[in-house]
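# Residue-level structure breakdown
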Amino acid sequence: MASLKLVALLAVVACVGTEGPPPKGTGGTLVISTAGDPDLLIPGLTSSLQGTQITDLVHDRLADIGDSLNIVGDRGFTPRLADSWTWRRDSLSIAFHIDARARWHDGQPVRGRDVRFTIASLKNTTLGAGVSSLLANIDSVTATDSATAVFWFRSRTPQQFYDAVYHAPIMPEHIWRGIPPSSWRASPKARAPVGSGRFRFVRWAPRGSIELAADTMNYHGAPKLTRIIWSLAPDFNTAVTRFLSGETDLFEALRPENVAAVTKLPQLRIAHTKGLDYSFAQFNLRDPGNRARPHALFGDRELRRALTMAVNRNAIVRSVFDSLALPALGPTVRTYATTDPNLPQLPFDLTRARQLLDSLGWRDAAGDGVRERNGRPLQFTLAVPGSSSARVRMAVLIQEQLRQAGVKVDVEQVDFPVFVDRMRKRTFDVAIGNWHTQPSPGGVRQSWGTLGSRARNGSNYGSYENPVFDAYVDSALTAPELSARRALFTKAYEVIIQDAPAIWLAEPIPTLGYHSRLQLAPMRADAWWAHVAEWWIPADKRIPRDNAPVAGPSSADTAGGGRKAP
Amino acid sequence: MAISVAHPTPRQSPLGRTFARIIERRPSRLALGILTAIVLVGLLAPLIAPYDPAAQPDIVLMKDLAPSPAHPFGTDPYSRDVLSRVIYGARLSLFIGLLATVVSLTLGVAYGAVAGYAGGLVDAIMMRVLDAFLAIPRLLLLVAILAAWPRLSIGALILFLGLTGWFGLSRIVRGQVLALKHAEFVTAARALGANRRRILWRHLLPNLVSPIVVAATLGVAHVIVLEAGLSYLGIGVPQPEASWGNIIRDGSDQVATLWWMSLFPGLMMVLTVMTLNVLGESLRDAYDRSW
Amino acid sequence: MLRYAVERVVQAAVIVVFVAAISFALIHFAPGDPFSAAIDNPNVSDAIRERLRVQYGFDRPLPEQFARYVSQLARGELGWSFSHDRPVRDVLTHALPNTLLLMSIALIGSFALGVLIAVVQVSRRGSATDHVLSGASLLFLSMPDFWLAILALLAFTYWLPIFPVGGAVDPVMHEYMGLGGRILDRLRHLLLPALTLTLLAAASVARYQRAALLDVLPADYIRTARLKGLTERAILRRHALRNATLPIISLIGLSFPALLTGAVFIERVFAWPGMGYALVNAIASRDYPLVVGAVIIGSIMVMAGSFLADMLYAWADPRLRGN
């Protein structure tokens, strides 16, 4: 009872200062529940999900990918920061014309120079942007006049338009100029982004909330929502509970156990989107102490296959995700049109796995339940980021299943930054990894190809190398026809599945819960927030926080002087 | 803490005397009974536990089951039987508590005895060092150590728990030694030509038995709580081993749905610690009254 | 009195250096050097890296490194927190007020509650009330802090949802509330963690205080008072309680470590943004400078607490006051 009164009182307090009613079909505050703070808010540099969402909404790309995620040519794309573009006849360059009405949130016009600056910065190795390898096909960008940016490519590929626009939201040169790339991440500007998107950054209270407000003067028109707030909970549980209690409107990473709770509440809804994630237990094929040598255990393809066959992947996925994930097919996701959902897999077959281990000379002579060969026990460490409860659970399940096969696994939970560091330095035996892939299946070149194994900052952490796999992937990426692409990718996946550089685990189905008062727009598989500017909350379903006054013009606004309406 | 010193009665051992006093009281008799039962459960875990504590019989259909006749304490997200884990947890938690306490008793008695016996500057320095250790809350000290050494074995965990638990006892021991050094019967013994080591052995140790027993009982209780706390924070006992704190941690990201994973191991822990506290306090009373 | 205070301050300073030495040793002899992670962390700017180099002098001989470390500590420089991307000092100065708030409420609450329970028990010695209260205080004394906190969380935020799940304020609406609303919001978030810590601490106060009162009751002056015909309750109030204040004061000093330890777990369970919570998160993210910083500050807090209690004791005890 007492708490009810409190709530009512708070509501009264919050109502003070309500502005006039917004136009019909618009308005409302979206509060998103999330666990943890983003690392930083620079597009292309942030490695956190919240950071990606916020920078995506604050910044604009030259053109937006369509909901079907068609990455071939430019037909699937719609103009955003560029209102038009022209291809040179040899297709080795594209000239983008910047929308003349586009303004940065501080009032400065967006120019061709900003595009050149963005691409050059992201390609700069000192900055160390994760996307730099994805921009490899872009030789350079020139700004021929203030409204034009010309991309020059190294080679013609079916997805060069996608390469040019998808990875790089455009950043303002005048904000970042003069700051050496090595100091970007630590700069205060990394925590207060200025962009040209339909939402502008308002504030970030660390471990509290991050707030964006509608950019009412935006050249693409004001968004329907007045404001978006990320409520930064300290942990997963708090984040979910805040959503269930109505303190927030949306939670994007529901687990099976939460789904039951959500369905019990009539005011809450569940939405599934197509996923771009897959997880796996990755073997390190090279000796963690000396990369010149193969790993004492996992250099052996047959051993990797035996271990894979000893793991009941379907049961693990069911146990951890219930119906919210499918068993992963390989280094790919079902969302791609190029993925055959019936790829042949190594079967779960404990008897065969045991026979195979016996025939490889791994026998339990000592009778302690652990196989050994030449005095070396079949034992290794399975590293897993402790922050991901799904991955921790998969690790403990694998530990027990391999124990049945006479293999001793030590599960090592490490914090996420430490985990990433180990992967990068390749100092692990086996690690439960997860890739959030791009709309293009071409990412496998970096994550599983020889290219990613040998490059200094390559992300093929297990150092799996097979020229046959590489060749199939390369041909697939240059094939113009979908059917040919699909056939070639299938060949490539078949090769890697048989080589077993990893035990493919789960392909989660992103499941978000939202309050029924939200009027949603379609969700795009790679980013459910892509069309959030079209969301709104009907007037009769508003609660006090929807009408709270928007924080006054930020200091950047006043400094930038008045802006003309589009 | 003021400790009065007197000559022990020669025939009855101090331990036997205090035990007799404990048995006299109903709450401590009850506590002793419960504790014995818990220790037995821990010792006989392989015989008593209905299932293998690490076995995952059916990770899809048998996970997260609420308590039922087949699984009185429910199952965990890996389909493991929580009752069996709590039983094995008793074994591990008591084992860790006991061994860590042995380590700290040894250190505490040795340090206190040396300081008290040596006296003078050595004593002064040793006591200042002790003050510094006492100033750091034990949990914080352990956290600093365990965070720096990730992936510790249970043996190392026991060692560190023991290494951080002797400060209080060594001060009591030193006090006893100081008092005894000047006690009449020791002076008399020395005058009679007994050598120093003999004096220590014959007279000091019996006088120290009681405070040591009290410290041991309360020490085990404290270590059990500490170990559970550290395991709960994720720097204690590693998977798939079961300790009470560990089981609670396994359920801590779904506290609301898997309430049985926090409730039952916690109850066992409270029961154990309570009996140890009751025993420790009545031991202390018995020993205070016996002078 | 003054000399005693000075002595204690000098002693405390020596202890702080010693604590620093322990933490220094931990940092340097732990495997994998917890600081090395900082050196190739891409989120650390060159300027900060240079500052770290100057601060700890990684390339200098060990004694010099230690001297630098201590002199930095003396200036309040606790290093750089990698998980917060801020100086450890900033992180802790933000968190400390929340922890102090929690601890001081629990300190006052638990002593009020504990003494009250003890008085009730002693005035009804041997009654059923006495036994029940004894049992209850023993129960709470034996409870791991985090477990009681989990139970409280389960009971009052999930089963009977009358309190918010965590944090110190409503993360979204607090900014938009008026003064009254903000105060109410804070109270709503504070109540459950503060109550949990109070209950845990009150148990030991009650047990200690009951024993202290029983120690005093057989004293001669109380016998005299009884002969004068004073009621048992009046005796308790007028004589026994007054004479049992000294043990209370020394207990305050002794209770700081337990309060701090309790705060660590309670902040973790209730996501209370204090020092304990910062410490627990720092453990998870291997942010070792922050771990060590929190340990040092925690130790200083405990020491300051016992120092204050000692001073209070010396002031209250007529025997010591004379010196």
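Here is what the cut-offs are and how they apply
- Once a new chain begins, its residue numbering starts again from 1 and follows that chain's sequence as written.
- The lettering of chains begins at A and the numbering of ligands begins at 1, in the order of writing.
- Selection of residues for local features in this predicted model requires a pLDDT of at least 70, selection of side-chain atom pairs for listing and counting requires 80 or more, and totals for whole chains, interfaces and linings are taken over all residues.
- Labels follow the DSSP assignment, with helices taken as runs of H or I lasting at least four residues and strands as runs of E lasting at least two, numbered in each case from the N terminus.
- Counts of 20 or more other C-beta atoms within 10 Å of a residue's own C-beta define buried residues, counts of 12 or fewer define exposed ones, and intermediate counts define partly exposed ones; C-beta atoms are placed from the backbone.
- Whether two residues are in contact depends on their C-beta atoms, placed from the backbone: they are in contact if these lie within 7 Å.
- Here, a nonpolar core denotes buried Ala, Val, Leu, Ile, Met, Phe, Trp, Tyr and Cys residues that are linked to one another through C-beta atoms within 7 Å.
- Structural elements are reduced to axes, namely lines fitted to C-alpha atoms, with helices fitted over the stretch in contact, and the angle between N-to-C directions of any two is expressed from 0 to 180 degrees.
- If an angle is under 35 degrees, it is roughly parallel; if it is over 145, roughly antiparallel; if it lies from 65 to 115, roughly perpendicular; otherwise it is oblique.
- Handedness of each helix crossing follows the sense of rotation of the near helix against the far helix: counterclockwise by less than a right angle gives left-handed, clockwise gives right-handed.
- Side-chain classes follow a simple rule in which Ala, Val, Leu, Ile, Met, Phe, Trp, Tyr, Cys and Pro form the nonpolar group, Asp, Glu, Lys and Arg form the charged group, and the remainder, Gly included, forms the polar group.
- Here the rule is simple: two strands pair whenever DSSP picks up at least two bridges between them.
- Working note: the arc is built from the helix axis to C-beta atom directions.

## So, the overall build of chain C
A tally of regular secondary structure across chain C gives 14 helices and 2 strands. Counting every position in chain C, which comprises 323 residues, the buried fraction comes to 44%. Taking the intrachain contacts of chain C between residues at least 6 apart in sequence as the baseline, contacts between residues at least 24 apart amount to 72%.

## Looking at the nonpolar core
If you look at the biggest cluster of nonpolar residues, it comprises 156 residues, and the most contacted ones within it are Val 143 and Ala 144 of chain B together with Ala 278, Leu 279, Ile 283, Val 291 and Ala 294 of chain C. In terms of residue count, helix 10 (residues 196–233) of chain B provides more of this core than any other element does, 17 residues in total. With residues near it in sequence (within four places) discarded, Val 291 of chain C still touches Val 143, Ala 144 and Ala 147 of chain B together with Leu 279, Ala 282 and Ile 283 of chain C.

## Topic: the packing of helix 6 (residues 138–148) of chain B against helix 13 (residues 288–316) of chain C
Contact geometry for helix 6 of chain B and helix 13 of chain C: axes closest at 10 Å, N-to-C directions at 165 degrees. Taken together, the axes of helix 6 of chain B and helix 13 of chain C are roughly antiparallel relative to one another. Here helix 6 of chain B and helix 13 of chain C pass one another in a crossing that is left-handed. Across the interface between the two elements, Leu 140, Val 143, Ala 144, Ala 147 and Ala 148 of chain B from helix 6 of chain B touch Tyr 288, Val 291, Val 292, Val 295, Gly 298 and Ser 299 of chain C from helix 13 of chain C. Among the residues forming the contact of helix 6 of chain B with helix 13 of chain C, the class breakdown is 9 nonpolar, 2 polar and no charged.

## Looking at the pairing of strand 15 (residues 290–294) of chain A
Residue and element names in this part refer to chain A. Counting buried residues along strand 15, only 0 of its 5 residues qualify, which leaves the element largely exposed. Here strand 14 (residues 286–287) runs beside strand 15; their pairing, made up of 2 bridges, is antiparallel. By the bridge assignment, Arg 286 is partnered in strand 15 with Pro 294. Connecting strand 14 to the next strand, strand 15, in antiparallel fashion are 2 residues.

## Here's the deal with the sheet that holds strand 13 (residues 277–283) of chain A
Residue and element names in this part refer to chain A. Here 5 strands make up an open sheet; going across it, the order is 20-19-21-13-22 and the pairing mixed. With partners counted over all chains shown, the strands left at the sheet margins are strand 20 (408–414) and strand 22 (502–504), one partner each. Within this sheet the neighbouring strands show an average axis-to-axis angle of 30 degrees, counted without direction. With 7 bridges joining them, strand 19 (residues 379–385) and strand 20 adopt parallel strand pairing. Note that in strand 20 the partner of Thr 381 across the bridge is Asp 410.

## A few points about the interface of chain B and chain A
Quite often, the size of an interface is put as the accessible area lost when its parts meet. Listed per partner, the contact involves 15 residues of chain B and 17 residues of chain A. Of the residues belonging to the side of chain B that touches chain A, the class tally is 7 nonpolar, 5 polar and 3 charged.

## Quick notes on the interface of chain C and chain B
Listed per partner, the contact involves 39 residues of chain C and 33 residues of chain B. When contributions to the side of chain C that touches chain B are tallied by element, the ones reaching two or more residues are helix 1 (2–29), helix 6 (128–141), helix 7 (145–159), helix 11 (245–270), helix 12 (275–284) and helix 13 of chain C. With 8 residues, the top contributor of residues to the side of chain C that touches chain B is helix 13 of chain C. Looking at the side of chain C that touches chain B residue by residue, the class counts come to 33 nonpolar, 6 polar and no charged.

## Concerning the packing of helix 5 (residues 88–123) of chain C against helix 8 (residues 179–216) of chain C
Residues and elements named next belong to chain C. Closest axis-to-axis distance for the helix 5/helix 8 pair is 6 Å, and the angle between their directions is 40 degrees. Between helix 5 and helix 8, the interaxial angle falls into the category oblique. The two elements helix 5 and helix 8 meet at a crossing, and its hand is right-handed. Here the contact of helix 5 with helix 8 is composed, by residue class, of 18 nonpolar, 6 polar and 1 charged.

## Details of helix 7 (residues 154–163) of chain B
For helix 7 of chain B, the complete set of buried residues consists of Leu 157, Ile 158, Leu 161 and Gly 162 of chain B. Along helix 7 of chain B, the residues classed as buried sweep out an arc of 130 degrees about the axis, all on the same side.

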